[in-house]
Amino acid sequence: MTSDENPPDVELVSVDTTTKTRPGDNTHPSSSPTTPVSSPPTTPSKTTTTAKNNDKQQQQEGEGNDKHKNATNTRRPLDVALTQQRMKSWQPLLDSRYVIAIYLIIGVIFLIVGFVIRNKSNRIIELVGIYESYAPTTTDDGGGATKMANDDGTSTTQLIKGCEIGNNPNAMYKSNTTCQIQLQVPFNMGDMQPPVLVHYQIDNFYQNYRTYQVSYDMAQLLGSLTQDKVSADLCQPLNKLRDTQTGQEIKINPCGLIANSLFNDVFTLESIVGPDGVEIEGAVMNETGIAWKSDLQWKYRQPEGFNYEVCSSCEECSCEGSEWSCTEPYEEDGTCYRYYYPEDDTTQYLYETYPMTVSPIEGVLNEHFVVWMRTAALPNFRKLYGYIDVVIPA
């Protein structure tokens, strides 16, 4: 082969090679012949130093790349004991003696807690008056009510005559029927201390049924006047009504099965009479403060555009003008109000569905309605109606 370039210089270098021997070896020192080398002579120590420097530089570059990767890799857990699972732990060795002792201690604690709860439960006085259920096996004692045997000595149940539905399916719904319920605290129970809670109980009513539970429009309860298709389907079949005379569709606000099956019986406390026959003054049943504050604050609003005004006097209060939708002022406790509901001609609002229970000023903020909208988990349930803040004597 030929080349135009000048060939590299070749220099002969003599290298002495000495082999060390150990005692007992039969080898003898020898020298190697002169060897041709095709590179310039280098000092061994300098070569080693240069190699080490190159390795160190490469190592530093590798560490720099790792640090850069760690800085940019945000998914890598932090190098702490919690994220790297280096937390100290303790695993007890269970022994039969310790297990038995622990169970005995827990059992004693439960016995004490159960005794305290049972004792407080026995001190609760409960008076029950059943006024709608059909009871063909009971007999009237002449006083308009039949007393039943006490369940556990702390409650009495009375069947009130005059309002029972009966077994006639054609007379299952009685409207505007007034019943007088008289409940007496037995002398052996002691006085009922305030607050005395008043509940109504409904049996065999399945509020936990899935179709019933989801039948409402949350946006509508928060004041929205528009409705999407999903909410409209959930509210069926109580979403719209049709006027039989004009054929016009009337929207129900609020819609759905829950809102339109409200328990609308009205309870009024007439009086509380002491054992001496003297009526206790200031005995009223409070019907405010019975709903959850969070429900009233975050889950219910009057319709957008609703407005009302307190009139200076009922004689001068008028609903004339387009700014008011009422046909006549609403009066409560001697005070008259005029109000405006948007789209009132094509919408049936809650106060129109339940005029005896819900006022047009409260609307969906009526606490009886809010309590009813919180559905029960079991078919037999009680809901709070009000409370009495005076002592009811035995």
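Higher on the page you've got the structure.
How each quantity is defined
- Residues numbered from 1 in each chain as written.
- Predicted model: local features only at pLDDT ≥ 70, side-chain atom pairs only at ≥ 80, totals over all residues.
- Heavy atoms only, no water.
- Pairing = 2+ DSSP bridges.
- Helix = DSSP H or I, 4+ residues; strand = E, 2+ residues; numbered from the N terminus.
- Axes fitted to C-alpha atoms, helices over the stretch in contact; angles between N-to-C directions.
- Phe/Tyr/Trp six-rings, centres within 6.5 Å; stacked < 30°, edge-to-face > 60°.
- Buried < 20%, exposed > 50% of the residue type's maximum accessible area, 1.4 Å probe, protein only.
- Salt bridge = Lys/Arg side-chain N within 4 Å of Asp/Glu carboxyl O.
- Polar contact = N/O pair within 3.5 Å; in protein donor to acceptor, adjacent residues only side chain to side chain.
- Contact = heavy atoms within 4.5 Å.

This brings us to the sheet that holds strand S6 (residues 196–202). Within a sheet, neighbouring strands are paired by backbone hydrogen bonds and run either parallel or antiparallel to one another. With antiparallel pairing, the 3 strands of this open sheet are ordered in space as S6-S14-S9. Because the sheet does not close on itself, it has two edges, and the strands there are S6 and strand S9 (285–286). Pairing between S9 and strand S14 (residues 381–388): 2 bridges, direction antiparallel. Across the sheet, the residue bridging to Met285 is Ile388, located in S14.

As a further point, take the sheet that holds strand S10 (residues 307–310). Here we have 3 strands laid out as an open sheet, ordered S10-S12-S11, and antiparallel in their pairing. The open sheet has two free edges, formed respectively by S10 and strand S11 (330–332), since each of these has just one partner strand. Recorded for the sheet is a direction-independent mean angle of 30° between the axes of neighbouring strands. By the bridge criterion, 3 bridges tie S11 to strand S12 (residues 335–340) in an arrangement that is antiparallel.

As a further point, take the packing of aromatic side chains. Summed over all chains, the structure comprises 18 aromatic pairs. Between Phe263 and Phe267, the ring centres sit 6.3 Å apart and the planes meet at 25°, which makes this aromatic pair stacked. Across the pair, exposure class does not vary: Phe263 and Phe267 are buried alike. Their ring planes at 75° and their centres at 6.1 Å tell us that Tyr300 and Phe369 sit as a pair that is edge-to-face. Note that Tyr300 is positioned in the loop between helix H6 (293–298) and S10 and Phe369 in helix H8 (residues 367–373), a separation of 69 residues in sequence. Relative accessible area serves as the criterion here: at 3%, Tyr300 is assigned to the buried category. Accessibility expressed as a relative area gives 0% for Phe369, which makes it buried. Linked through ring pairs, Phe306, Tyr308, Tyr330, Tyr337, Tyr339, Tyr341, Tyr349 and Tyr351 together constitute an aromatic cluster.

Here the structure, examined in full by the defined rule, presents 9 salt bridges. Put simply, Asp79 and Arg86 hold a salt bridge, and the shortest N to O gap is 3.2 Å. With relative accessibility at 47%, the residue Arg86 sits in the partly exposed group. For Lys229, the salt bridge identified is with Asp233, shortest N-O distance 3.0 Å. Taken together, the residues Lys229 and Asp233, both in helix H5 (residues 229–235) and 4 residues apart, mark about one turn of the helix. Judged by relative accessible area, which is 62%, Lys229 ranks as exposed.

Moving on to unusual backbone geometry. In this structure, the amide linkage connecting Pro194 to the following residue, Pro195, adopts the cis form with an omega of -5°. Positionally, Pro195 belongs in the loop between strand S5 (155–160) and S6. Across the junction of Gln236 and Pro237, the peptide omega takes the value 5°, indicating a cis bond. Tracing the chain through its elements places Pro237 in the loop between H5 and strand S7 (240–242). The backbone of Gln85 shows a phi angle near 60°, a positive value even though the residue is not glycine. Within the secondary structure layout, Gln85 lies in the loop between helix H1 (44–72) and helix H2 (96–122). The phi dihedral of Glu343 is positive, around 55°, even though this residue is not glycine.

Let us look at the side chain of Thr347. Relative to the helices and strands, Thr347 resides in strand S13 (residues 347–349). By relative accessible area, which is 6% here, Thr347 ends up buried. Of the polar contacts made by the side chain of Thr347, one reaches the backbone oxygen of Glu343; its length is 3.0 Å. For Thr347, the contacting residues outside a window of four places in its chain are Ile250, Lys251, Asn253 and Glu352.

Attention now goes to the pairing of strand S8 (residues 249–253). With 3 bridges connecting them, S7 and S8 associate as antiparallel partners. Along S8, the bridge assignment pairs Lys240 with Lys251. The hairpin formed by S7 and S8 contains 6 residues between the paired strands, and Gly247 there has a positive phi angle of roughly 75°. Bridge count for S8 against S13 is 3 bridges, and the pairing is parallel. Across the sheet, residue Lys251 finds its bridge partner in S13, namely Thr347.

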